[in-house]
Structures are given as structure tokens and as C-alpha cells.
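If you want the building blocks of each chain, they are given just below.
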Amino acid sequence: DVPRLDWAEGLVRAASLLLPRRHREAFVGDLLELWEEWRGQPGGARRLLTETVSGGVSGLMRSVRYRRDRKVVDSWRERRTMGGQSRGRGFGFAADLIQDLRLAFRRMRRAPGFTSLAVLSLALGVGANTAVFSLVEEVILKPPPFAEPQGLVSVRLIADGDAFGTLSYLTFREMEDATAGVFDGAVGYMLNVVGRSDGQGPGENLVNELVLGPYFQALGIGAQIGRVFEETEGVDVGADPVVVLSDRYWRRAFGGDPSIIGTTLQLNGHPYSVVGVADARFEGMMPGLATDLWAFATMSGQLSLNGPGALADRGQESFFVTARLSDGASLAQATTALENFREDLVARFPDRYATNEFSVTPVLDSPIHPALDGVIVPMAALIMAVLGIVLLIACVNLAGFLLARAESLRREVAVRLALGARRGRLVRSLLTETGALAVLAGVIGVLLSVVMVDLLVSIELPFPVPITLEPELNGRVLLFGFAVTALAGLVLGVVPALQGANRDVAGTLRDEGTGGRGTGVRLRDFLVVGQVAASVVLLVVAGLFLRSLAASRAIDPGFGGELVAVIGVGIPPDRTPEERGAFFRDVQERMGAIPGVLEVGLFSRIHLDATGFSRTSIVVPGIDPPPGRTTHDVDLVVVDGDAFSILGIPLVAGRLFNEGDDAAADPVAVVSEAMAARFWPDLDPVGRAFTRDGTEMRVVGVARDTKVHRLSEGPTPVLYRPAAQEGPWGRLVVRTATDPATLFPELAAAARSADSGVIVFTQITLEEHLGFLLIPARLSALLLSIVGALAALLAAIGLYGILAYSVAARSREMGIRMSVGAEPRRLVGMVVGSGMKRVGLGVALGLGLALPAAQLIRGSLYGVQPLDPLTFGGVALALSAVAAVAAYLPARRASRVDPTRALKAD
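In what follows, the accompanying structure is described. (Residues numbered from 1 in each chain as written. Predicted model: local features only at pLDDT ≥ 70, side-chain atom pairs only at ≥ 80, totals over all residues. Heavy atoms only, no water.)

**Focus: the packing of aromatic side chains**
Selection rule: Aromatic contacts are taken between Phe, Tyr and Trp rings whose centres are within 6.5 Å, Trp giving its six-membered ring; a plane angle under 30 degrees counts as stacked, one over 60 as edge-to-face, and the others as tilted. Numbered from the N terminus, helices here are DSSP runs of H or I no shorter than four residues, and strands are runs of E no shorter than two. A simple rule labels every residue: compare its accessible area, found with a 1.4 Å probe on the protein chains alone, to the largest value its type can have, and call it buried under 20%, exposed over 50%, or partly exposed in between.
Inspection of every chain in the model, using the stated rule, returns 19 aromatic pairs. Between Tyr 189 and Phe 320, the aromatic rings sit 5.6 Å apart at their centres with planes inclined by 25°, giving stacked as the arrangement. You can see Tyr 189 sitting in strand E2 (residues 183-196) and its partner Phe 320 sitting in strand E9 (residues 320-325), a full 131 residues away along the chain. For the pair Tyr 189 and Phe 320, one class covers both residues: buried. Among the aromatic residues, those joined into a cluster by ring pairs are Phe 146, Tyr 215, Phe 216, Phe 229, Phe 282, Trp 294 and Phe 296.

**A closer look at unusual backbone geometry**
Its identity is not glycine, yet Glu 148 carries a phi of approximately 45°, on the positive side. Looking at the secondary structure, you find Glu 148 in the loop between helix H6 (112-141) and strand E1 (152-158). Since its relative accessible area comes to 56%, Glu 148 is described here as exposed. Even without being a glycine, Asp 693 presents a positive backbone phi close to 55°. Position of Asp 693 relative to the elements: it lies in the loop between strand E17 (689-692) and strand E18 (695-703).

**A word on the side chain of Asp 247**
Defined as follows: N or O atoms closer than or at 3.5 Å make up a polar contact, with two conditions inside protein: a donor-capable atom paired with an acceptor-capable one, and, for residues adjacent in sequence, both atoms drawn from side chains. Note on contacts: a residue pair qualifies if any of its non-hydrogen atoms lie within 4.5 Å across the two residues.
Relative to the helices and strands, Asp 247 resides in helix H9 (residues 247-254). Take Asp 247: its relative accessible area is 13%, and that puts it in the buried class. A distance of 2.9 Å separates the side chain of Asp 247 from the side chain of Arg 251, its partner in a polar contact. Sequence-distant contacts of Asp 247, defined by excluding residues within four places in its chain, comprise Gln 224, Val 277, Ala 278 and Ala 280.

**A few points about the pattern of salt bridges**
Formally: Between Lys or Arg on one side and Asp or Glu on the other, a salt bridge is scored when a side-chain nitrogen of the former is within 4 Å of a carboxyl oxygen of the latter.
Within the structure shown, the criterion is met by 20 salt bridges. In this structure, Glu 176 and Arg 173 form a salt bridge, with 2.9 Å as the shortest nitrogen-oxygen distance. One end of the pair is Glu 176 and the other is Arg 173, both in helix H7 (residues 169-178) and 3 residues apart, which spans about a single turn. Using a relative accessible area of 22% as the deciding quantity, one classes Glu 176 as partly exposed. A relative accessible area of 19% places Arg 173 in the buried class. Between Arg 342 and Glu 357 there is a salt bridge whose closest N-O contact spans 3.9 Å. Placement of the pair is Arg 342 in helix H11 (residues 331-348) and Glu 357 in strand E10 (residues 357-362), with a sequence separation of 15 residues.

**Some details on the pairing of E18**
Rules: In this description, strands pair whenever DSSP reports at least two bridges between them.
For strand E15 (residues 651-654) and E18, the ladder comprises 3 bridges, and the chain directions are antiparallel. Across the sheet, the residue bridging to Gly 654 is Gly 701, located in E18. Relative to E18, strand E16 (residues 668-672) runs parallel, the two sharing 5 bridges. For Val 668, the partnering residue across the bridge sits in E18 and is Arg 698. Here E17 pairs with E18 via 4 bridges, running antiparallel.

Okay, here's the thing in C-alpha cells:
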């Protein structure tokens, strides 16, 4: 036995190195004593190895005092001889954890209903929160790819009704000079669509940014192959036909071929040389709008949809502006420099800039764009907040299930306590089960979040530029999911674990399972009331948004039509005005010849177009302009063909345009009712004259008022001009006899056949166009409705689960009642009544909490009051009905209890 003893002593001494120095000899001595006991028994060496590794790992993980005290070994031997949890598997934290996990999974297998309800409830909450967080992380929280983003600011020249604050080319160039001391590079960019073709078909439309200034240098974006634009390029108009590709487009169109550098692309029929591919992290300035390529705005004569004269027109305010502060320059200095520049603009152009104001916003404070953050960020915060409530409901469900579970295990716990088990050890065992449930639910929840994200991203929105969101399960999202799971599983598992282990041993062992009203039962009742109240709040908020959406849909915009197609076309900028006029006349004839097409017209910009609007200045004899100005501003729309009839804008007085209103005729106009009332009150506007750009025009007709910018606006003055006198541009509107979407291919082909260089960048129905402004309301209503329904489902699951456990815990009581003649119907009523008392209290509490919640979202509602009785009453009735069903199912089970089996149950 000497070699074997030497081997054993060497093993345990090696393992003792994991322990603090002062405890090593004690560890070795205790284990050698065990070896003396086991060495003559079968499997003694294996058992010694188990004890050595377990004890060594325990010492390493916990770094606790290991005293040379026989209590350690005696305690272990006591548990082993009692047939307790350790049974020859070693002592220490690791062994206990393994044993607790085995016990937890054994209990989960024995109670599949409990496991399924608990895991499903928590997985839905974790999945929904993780899915929305991944979208928020992609759009709002994702760090910008810019170098030193803390030095970048967004610059806006805000006008009435235009929060985007875009600048014209001329204004941008002047701003560069005026702010040279505070900005170390200002860049402008505008979204655009160009057509790429190899000459053998219509090709493809590419989303691009036309840029000004040292774009890539100021942002700190490099090239992965080739180069980015140089600072000396893009200065002279028409001099630099070069492009930089995005990583996404480079891989999609060219398979990531590095030899693409120097290749020529045909864009709008003109050759452009590829000089580089941008850093893969950078996809453009607007999150979610992935750019295919970048080109210089000085090439607008060939590329811009705004036409060849866009750069020379100060009214073409299309460029967003971002600038980098110079070293040592502050935000206040930049604001002062811009204010001085604004005063210079007002002095030179008082009618255009008198009411404008510059705004400077740090890029890090504006995750999307300052004009959009005020809508998107609060909506995202609202959705995350309500999803947090959903997660809370799921956690409450888990806590309620665990409390009910603890009640069902009360006799087992009491027996273990009577046999000498420590309460702390039992608490840890119950917490291990909670953690196992939470981990399982978290894994399923993260997998569910992937499906939920795909569903959310797949929602098609009527947006003129494709939205490309690709949220992924990156480290931050997984960390969020882990944190949510840990919070739900561990924190909320403490109370049920403490409640389960805090037993009166003698009282529990004498109790025969009559289902008394203990502390755990009262706590479960409180949890049910809380989750029902939270569900009421969420459903009320969702109901208010749905009612607001319905009210928005009921607003009469003043125009519309069910069978109307809107076709956006871009004519190559190098076409002459005569060629542009000929194109629109030709394309209207071609589209009119398509079977199923009834009318064709042209409208420069469809009302309620959130992507922008066009204004013009006029002088009206006898009507003084606003203070500090010499002209009045009105909205300008260019019209041709049957556009008024197609869009359903009726004539109120006078006449519409006809073929005689050509370029050689006297300038004429049709005005809206609001414009007529503003400038010629109590007079017949037909025949009245006004001046625009020094040209006198005469009113020939009055059209009905429409909503122009927003659904909530009042009457807006609109000036309509004939395309023959103004120059045709804009969108074609087509009335059809069938679904207009089925004619999109033929309509697009007709446009391209009239001019091979034309770009068809929009193909939507008029209903989709009108629905664009409702996107925030639709998304809010959709997501909140889903969240509210999920909350109601979780509340129903929680109520069902807790009542089911209550019935199981009171099975002996049910058997006694049945044996003495209680009717099943009365048992059903008793159980349902018990559940509905909690639901009624929860509904009342929820309606009270919903009152201030409704006031908080008052600003997001339209056409409905925050204290809408229909919404509050409907939610109360709907949730009560769902809860009644959830309570009836376990009640029906209670009515079918077999008295004999129930009386025999422990």
C-alpha cells in the first residue's frame, strides 16, 4: 500500500496548492484520513479523486477559510449517511451547485406544465425586449463610425414649417467662408437617385449622396481599397466625374472584386470612374438609408433629380450640413459666427431669410437627425418603457409561479428542515431552480427575438427611399438579454426562495394540505393584482393610439382616390426645357394608351409629401406683407393635364387650365380657397392680379382647400401654375380602372420608352402616399397593440398558472367538499369568484394608473381625448373577459376532483 499511499498523498498535496497557504496542511490531513477509510473499498481511488478535485476547486472559487476542524468532515459524512443531497459526490460549492441543478431539472421534468408556463411567460418578455432593443441599438444607440465624433455638429437653417433646415448650394458656399475660423471643414450632402445602365435595359436605380466640401476628411472616414475624395476635388462645377462605392453595393454588384478601382460606371448616361470603396462601417449619413455610392454635388447637372439649374437657384435648399469644430472652438463661438452670417443673409435677402434661424446640434446628441429625433427617439423610448412593463409582468408571473411552487413543496421543505438541512442551503437550492428556469427562458427569448426582429424589419413602409435595417445579435444586444434574464431570474427569485424556506416545521407537518391563507398566498394575490393593473395601463395606452390612428384616417385631406397611381420620374438634367416639355407630353400620351388607364396628369409635388415642399414669393397690390418683408410666401404647385380631376380637387370658381395656357399666353394661375380668402377677402378672386418675380399673373380659377403639409394644419394658401408656362417637372398621376399596382410595370416602361435616360424612382398608389404621414401613428399603434395583447396574454397565463396551483394545493379541501355533497357548479363558482376578485381589484387599480399615463401621451394623440371613456371601458371589459376564461379553466378542473384520491393525497 505504500506506493498507493504515496500516490494519494501526492495527488492531494498537488490539489492543496489551490488553497491559501495556511489551510493546505489541514486540507491534506482531512483527505488522507478519508483515504485511510476508503483505500480498502472498491472504487476508493476514484472517490478520493472526486473529493480532491471538488475540494480544490471549491477553495479556488470561494477562497474561504478551511479550518482543521472535524466539523467539516463530520458534516459531510452526516449528509452522506443520511442519504442527503451530497451522497458520495463530494462537498463544496461546485458539488452543491451540480446537485442543485440536477434537482432543479428533475423537478422541471416532473412538472412540465409549470415549466412550460414559467419559461414561456419569461421568454416572451425577454424576446420582445431584446428584439426592440436590437432595433434601437442599430438606429439610435450604435456609436457613429466617425473619427472623433465629439467634434462634429449638425447645422440647420430652420424656416417656418421646415425643421430639416437644409441649405442651398450658394448658401452653403457662403457659409463655408463665413465660418472658416470656427469650422475645420463643413460638408453638405443631399439624398438622390441615379440610374446605372449598361445600355441594354432599364438598369437599376441607385441611392446616392451628392456631397459638398471635404466630406470624408471632415467625417474621418477612410477607404478600404482605393481612395476617398480629395479635398481639391468637387470645387469646380462639372469637373470631377468620380464616385466612391459603399461596401454594401460593392459586394452586391461586384462581388467584392478589388479590381473595381478605375472601372467606369454609366450613371444617367454619363461615365464616372470608381476611385475607391468606403470603410465598411460607413453606410451614409442617415441611419437605415444605406447609400450605394457618393458623388460630387458639383456634378448635379448630370446626376441631380432637381435639374441642371439646381446649383444656381438659391431656392433649391436640398443640402443637409455637418461641420467639424476647429481645435479650441466652442459651440457658442460657432453659434455666434452663424448668427453673424444669418444677419448678412437677411440684409441681402430679407424676404427669404428674415424669419430663419441657425441651429447647431452636436452629432452625439442627435442619433438620427435633429429634425427626426423629436419623433423617433420619444417613440422608441415609449415602446421600450412599455416593453419594460411587459417584462415586469413576465417577472411577476415567474415570481407568482415560484411562490405557488414553494407552496406545493412545503411538506418536502419541512421534512428536510426536520432532518437537519440548513435554511440557507434550501434557499440556494430554490434559487438554483429559479436561475435554471431564467436561463432556459433567456435562451428561448433571444431566439424568439431573432424572429421578432425579422417580422418588424419585413414591415413594408411607403417610403420613397428603401429602408435597410440589419440589426444583429451583437455583444451589446446579448449583454442586454443576459442582464434582463439575470434580473428576472435571480432578483425576483429571492422572495419566493426565502418564502419557501421559511417554514414552521411542526405546523407544516401537522397541516394536511387544507390550503390556508398564508403569507405566500397573500403575496401571490398581490402579484396577480399588480400584473393585471400593469396590463390595463398598457392596453389603455395602446387603445388610445389605435383610436388616434382611426381619427387620423378619418380626416379629409381634401384630395385622394382609390385607383390612382403616382409615378415619380427623373429626367436627365442635361435635357433642355423644350425636351423636358416634349417628354411629359409624350409620356402622358403613351400612358393614356395603356389598357386600364383612364386619365393621366402631372403634379409637381403631391400634397402631404413629407419629403419636402416648394414655396414662392408674390406681391399682391393692396395687401401689406409681414413685418420686415416685401413679399408674401405661398406654396407653389405645377399642374398639367387632368391632375385636378385625378386627385379629386374640385373647382370652386372660375376655370382650370386649358391648352390655350401655353408659354405664349398671358401668365395665369389657379389659387386655393385659403389664398383667395387671405388676399382678396369679400371679393371675387377670379380676374385679380398679383406679381411673381416681376411678372404679373392673373387668377383664372379657385380650387378647393387641401391639407398641404400636415393633417393637423389649417387652411394653407396654394398657388397652382400650368406646366406649359412654368416648366414641367414632378410626378405623374394616373387614374386606372383596376388596381394601379398591377399597371406599375407598364407605366414605368412607357416612361422609359419616351426617354431612355429617364429614372423611375417612385411607384406607389395614392393611398400609400397618404399613408406615409401616418407611419409614426401606425407603427406606434401596431407595436403598442402587440405589446398590450402580449401583456394581456401574460396576465392571463399568470392568473391561470397561479389559480391552477391554488387548486392543486387545495385538492384535499376540494375532496372534502365533494365528499360532503358540494356541487361541482358551486366549486367552479368559488374558484372563479376567488380569481375575479383579484382581477377586479387589479382592473380598478390599473384604470387609476392609466389616467396619468394617458395625460403623458396627450401630445401624440389626434382626434381623441386622453380620458376617452370608450377606450377605458373597452379595456376593462376585454381584460376581465380574458381573465374570466383564464380563471374558468382551473375551476373546471377543480369541479372534477375525485374525492377518494384527493382524501388520500399527502
